[in-house]
Amino acid sequence: MIDGTPSAVLDRRRFGHPMVWLILVVLAIFAGLPAVTGDVALRETLFLGAVAIILASSLNLMIGYTGYVNFGNIVFFGLGGYFGVWLATAQGWPILGAMVAAAIIVGAISLVFGYGILRLRGAYFALATIGINEAVRAFVSNLDVWGGSTGMYLSTTVYQSLGGPRQALWVVYYAVIVLMGAALLLSWLIRRSKFGLGLFAIREDEDAAAVLGVYPALYKSIIYSVSGLIPAMTGALFFFKNGVIQPDQAFDLTWSTEVIVMLMLGGQGSVVGAALGAFLYDQLRSTLLTSSLFSQFHLVIAGVLLLLIILFVPGGLMGWITDRWPKTRGTLE
Amino acid sequence: MVGVLASMIDGLLLGAVYGLAAVGLTLIWGVMNIINLTHGAVIALGMFGVYLLAPLLGGSAYATLPVLAVGGFIFGLVIYAASVRRVVDQSYLMSLLATFAVNMVIIGVGTAVWSTDIYNVPFSLPGLTWQGFTFTGAHMLAALVAVLVAVALYGFMRHTRLGKAIRAVASNRQAAELMGIPSGRILALSFALGVALAIVAGGLIATLFPFTVLSGGSYQLKSFVVTVLGGLGNPAGALAGGLLLGFLEGGVTPFIAVSWTPVIEFVLFVLVLIAFPRGLFPKGAAR
């Protein structure tokens, strides 16, 4: 954010900011590796990693930038999934159209939620986000149009328009990679913008920020909705690919909280940190889940890891790196 | 009409137990400003504590409660030392996450040991039949125990030096420290007390319903609802909030499908949180 010397400014004008290149390289790796090798298992691993990165980057806008702890950000992912799947199956929409429509609907819903709960602060806000997620989950479990507690199943015919199930998996994968790029770029742009500075001011001291000309209510409302948009689209794609959507899976509070673990691991407030933490945690989680020795204990290990981070490295990986090599501060944002 | 009344009374009995569970949560909040996310996992431990200990203590679930309380107190001290002590003075994100980390560990170990199968504490007590409706003995006894424990806590907080010290630390920690109260030890004591209450509440719930390792989660959410109804940090309010929640649950049960109850509960929770962040009973005697 702070360019050290005039020559650095000059270099960045000529070559672009290193963050742009970093994001492009990450996208190229995610898009290229499975396509070149044709390795479906690798694609699935990267798919889950990309979903984790999207969720963590979006949550980072609330927790890392604005200082509002949202335990139930998964509600946007789940609602997006439900609207997307419902439009794609019951209404026969093409999935990408359903995805965009889901994002618009969820965006409108998030404005209503935000209007209610954003006047709360601190732990009260955190509790309210849990309440919203659970209320929506309980409501959807009773909604017969969406299959109630058993959820909705997709028939394989919905994949025909994308050239059959196998082809559809690739299409969905690339769409998610595009969303991941959008999430990373968006976090970085917000971080550099005046709007982002306003969010940081709210994080440090909301009342002081208001005195200095930031409109906390407006800023918080915008960022709360924005932090739900890309997860909503990702949810539509995720559950379309999944073939089934159920309330307990779509509004999973444990998963939602694991995203916070990812943020803490990488370092909240940092674009690279959120992505790195998400990817590493997701890798760790799938390694633990598939190993015969640790599959029973993946929660235990994740819990101990989280506790150790909080007690000893509260800045996460990026905090540790920027403490160690202060020069990286301006480059890796 | 009689059915609705009976359902409401049964709801009040259950509500006393919800209230007791929430007292543990709200005590910790009131004294140290920490939302204890290990609450649900500890409630689940209480359930399994009854399941494991009852056969050893002659089959009575109630005989296990004192043992559970002591065990819960010690366990609370361990949690405090391992995770909470270092984050008490930090931002609430840190304390939320520190307790959530312990929650993950407990749930993880519990799932590994007991899987997520449904367990049951088999025993029966004579019930009371009125106008064709039976109030089971277990419900009545659980409510009685819950109220007794809550009253005992109230007495402790009001009439002992230690209780007075806890209230002093809750209202102003620095001033309490200046008056010679070792606030660090008081925080540890309050946390352990909160955990012990939660574990006893879990034990009582185990006598009422079948349970799994994950059952604690839904009672944790109920405790949040109750705490918010009663005002965060207000133990007497929590008991009142519990009774209110149980009463509401009992009151709506005859009219709608059971699956709609959580919808009403959580919508109410969010609305009360927005409209009355200090709870419906803001000033409590036990503060």
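Nothing here was measured: the structure is a model prediction, and the numbers come from that model. (Residues numbered from 1 in each chain as written. Chains lettered and ligands numbered in written order. Predicted model: local features only at pLDDT ≥ 70, side-chain atom pairs only at ≥ 80, totals over all residues. Heavy atoms only, no water.)

**Observations concerning the overall build of chain A**
Right, on to step 1. Within chain A one finds 15 helices and two strands.
Right, on to step 2. In terms of overall dimensions, chain A is globule-like: its C-alpha atoms have a radius of gyration of 20 Å, near the 20 Å expected for 333 residues.
Right, on to step 3. In terms of principal-axis extent, the alpha carbons of chain A reach across some 60 × 50 × 45 Å.
Right, on to step 4. Looking at chain A residue by residue over its 333 residues, the buried ones come to 54%.
Right, on to step 5. A fraction of 78% describes how many contacts in chain A between residues 6 or more apart in sequence connect residues 24 or more apart.
Right, on to step 6. Carbon and sulfur atoms make up 68% of the accessible area of chain A, which totals about 14000 Å².
Right, on to step 7. Taken as two groups, the 18 positive and 16 negative side-chain charges of chain A have centres that lie 8 Å from each other. (Helix = DSSP H or I, 4+ residues; strand = E, 2+ residues; numbered from the N terminus. Rg over C-alpha atoms; globule rule 2.2 N^0.38 Å. Buried < 20%, exposed > 50% of the residue type's maximum accessible area, 1.4 Å probe, protein only. Contact = heavy atoms within 4.5 Å. Areas by Shrake-Rupley, 256 points an atom, 1.4 Å probe, with all protein chains shown as cover. Lys, Arg positive; Asp, Glu negative; His and termini not counted. Charge placed at Lys NZ, Arg CZ, Asp CG, Glu CD.)

**As for the packing of aromatic side chains**
Each aromatic ring pair is specified by the distance between its two centres and by the angle formed by the two planes.
Residues and elements named next belong to chain A.
Right, on to step 1. Under the criterion given, the structure shown has 28 aromatic pairs over all chains.
Right, on to step 2. Taking the centre distance of 5.4 Å and the plane angle of 75 degrees together, the rings of F76 and Y224 count as edge-to-face. In this pair, F76 sits in helix 4 (residues 74-89) while Y224 sits in helix 10 (residues 216-242), placing the two residues 148 residues apart along the sequence. One exposure class covers both F76 and Y224, and it is buried.
Right, on to step 3. By the ring-pair criterion, three or more aromatic residues cluster together here, those being F47, F77, F238, F239 and W255.
Right, on to step 4. Over the ring of F47 we find K241; its NZ or CZ atom is 4.2 Å from the centre of that ring. (Phe/Tyr/Trp six-rings, centres within 6.5 Å; stacked < 30°, edge-to-face > 60°. Lys NZ or Arg CZ within 6 Å of the ring centre and 35° of its normal.)

**Describing the pattern of salt bridges**
Residues and elements named next belong to chain A.
Right, on to step 1. Taken as a whole, this structure holds twelve salt bridges over all chains when the rule is applied.
Right, on to step 2. Between R43 and E44 there is a salt bridge, and its shortest N-O distance comes to 2.9 Å.
Right, on to step 3. Residue R43 is classed as buried on the basis of its relative accessible area, which comes to 3%.
Right, on to step 4. With its nearest N and O atoms 3.0 Å apart, the salt bridge here joins R121 to D207. Of this pair, R121 sits in the loop between helix 5 (95-117) and helix 6 (122-141) while D207 is found in helix 9 (residues 206-211), placing the two residues 86 residues apart along the sequence.
Right, on to step 5. It is possible to trace a salt-bridge network through shared partners that takes in R121, E206, D207 and K220. (Salt bridge = Lys/Arg side-chain N within 4 Å of Asp/Glu carboxyl O.)

**Description of the interface of chain A and chain B**
Right, on to step 1. Between chain A and chain B, the contact holds 42 residues from the first and 38 residues from the second.
Right, on to step 2. Summing both partners gives a buried area of about 3400 Å² for chain A against chain B, and 84% of it is carried by carbon and sulfur.
Right, on to step 3. Together, Y124, L127 and N142 of chain A form the three largest contributors to the area buried by chain A at its contact with chain B, with a combined 18%.
Right, on to step 4. Summed over the shared surface of chain A and chain B, the number is zero salt bridges.
Right, on to step 5. Inspection of the chain A/chain B interface yields two residue pairs in polar contact (both at pLDDT 80 or more).
Right, on to step 6. If you tally residues by element for the side of chain A that touches chain B, the top one is helix 6 of chain A, at 13 residues. (Buried area = accessible area lost by both parts, 1.4 Å probe. Polar contact = N/O pair within 3.5 Å; in protein donor to acceptor, adjacent residues only side chain to side chain.)

**Things to note about unusual backbone geometry**
Residues and elements named next belong to chain B.
Right, on to step 1. Within the chain, N33 stands out as a residue other than glycine whose phi angle is a positive 55 degrees.
Right, on to step 2. Tracing the backbone shows N33 in the loop between helix 1 (2-32) and helix 2 (39-53).
Right, on to step 3. For S115, which is not glycine, the phi dihedral falls at a positive 50 degrees.
Right, on to step 4. In this fold, S115 is placed in the loop between helix 4 (92-114) and strand 1 (128-130).

**Describing the nonpolar core**
Soluble, globular proteins show a tendency: their nonpolar side chains are buried together.
Right, on to step 1. Counting 206 residues, the largest nonpolar core has L79, F240 and M264 of chain A together with L204, F224 and F269 of chain B as the members making the most contacts within it.
Right, on to step 2. Setting aside its immediate chain neighbours within four residues, F240 of chain A contacts V85, A88, I95, L154, V158, Y159, L162 and V172 of chain A. (Core = buried A, V, L, I, M, F, W, Y, C linked by side-chain atoms within 4.5 Å.)

**Here's the deal with the packing of helix 2 (residues 18-37) of chain A against helix 3 (residues 40-66) of chain A**
Each packed pair of helices is defined by two parameters, the angle between the axes and the distance between the axes.
Residue and element names in this part refer to chain A.
Right, on to step 1. The interhelical angle for the contact between helix 2 and helix 3, taken along N-to-C directions, is 165 degrees, at an axis separation of 9 Å. Our classification of the angle between helix 2 and helix 3 gives roughly antiparallel. Of the two elements, helix 2 crosses helix 3, and the hand of that crossing is left-handed. For the pair helix 2 and helix 3, contact is made by F30, L33, P34 and T37 and by L42, R43, L46, A50 and I53, respectively.
Right, on to step 2. Classifying every residue of the contact of helix 2 with helix 3 gives seven nonpolar, one polar and one charged. (Axes fitted to C-alpha atoms, helices over the stretch in contact; angles between N-to-C directions. Parallel < 35°, antiparallel > 145°, perpendicular 65-115°, else oblique. Left-handed = near helix turned anticlockwise from the far one by under 90°. Nonpolar A, V, L, I, M, F, W, Y, C, P; charged D, E, K, R; others polar.)

**Quick look at the environment of A250 of chain A**
Residues and elements named next belong to chain A.
Right, on to step 1. Along the polypeptide, A250 turns up in helix 11 (residues 247-250).
Right, on to step 2. A sequence separation of 168 residues divides A250 from Y82, and the C-alpha atoms of the two residues are 8.1 Å apart.
Right, on to step 3. Setting aside residues up to four positions removed in sequence, A250 forms contacts with I74, F77, G78, Y82, F239 and I245.

**A few points about the side chain of D282 of chain A**
Residues and elements named next belong to chain A.
Right, on to step 1. Counting through the fold element by element, D282 comes out in helix 13 (residues 271-290).
Right, on to step 2. Buried charge without a salt bridge: D282, with R285 as the nearest opposite-charge side chain at an N-O distance of 4.9 Å.
Right, on to step 3. Looking at D282, its side chain comes within polar contact range of the main-chain nitrogen of G49, at 3.4 Å.
Right, on to step 4. D282 has contacts with T45, L48, G49 and A52, leaving out every residue within four places of it along the chain.

**Details of helix 3 of chain A**
All names here are of chain A.
Right, on to step 1. Compared with the 39 Å implied by 1.5 Å per residue over 27 residues, the 38 Å span of helix 3 between its first and last C-alpha is a close match.
Right, on to step 2. Of all the bends in helix 3, the greatest, near 45 degrees, is centred on N60.
Right, on to step 3. Within helix 3, 21 of the 27 residues are buried, which leaves the element mostly enclosed by the surrounding structure.
Right, on to step 4. Between the side-chain oxygen of the N-cap and the backbone nitrogen of A41 there are 3.1 Å, and the N-cap of helix 3 in question is D39.
Right, on to step 5. Residue G67 follows helix 3 closely and has a positive phi angle near 80 degrees. (Expected span 1.5 Å × (residues − 1). Bend = angle between axes of the 7 residues up to and from the residue.)

**A word on helix 14 (residues 298-312) of chain A**
Right, on to step 1. For helix 14 of chain A, with 15 residues, the first-to-last C-alpha span of 21 Å sits near the 21 Å given by 1.5 Å per residue.
Right, on to step 2. Looking only at helix 14 of chain A, the buried set comprises H298, L299, V300, A302, G303, L306, L307, I309, I310 and L311 of chain A.
Right, on to step 3. Contacts made by the buried residues of helix 14 of chain A are with helix 12 (253-266) and helix 13 of chain A together with helix 3 (64-84) and helix 4 of chain B.

**Some thoughts on a nonpolar patch on the surface**
Residue and element names in this part refer to chain A.
Right, on to step 1. Where nonpolar side chains cluster on the molecular surface, the patch consists of V304, L308, F312, V313, W320 and W325 and spans about 590 Å² of accessible area.
Right, on to step 2. By the element assignment, W320 lies in helix 15 (residues 316-324).
Right, on to step 3. Take W320: its relative accessible area is 42%, and that puts it in the partly exposed class. (Patch = residues over 30% accessible without salt bridge, like charges linked within 9 Å, V, L, I, M, F, W, Y side chains within 5 Å.)

The values reported here are purely geometric and, on their own, carry no functional implication.
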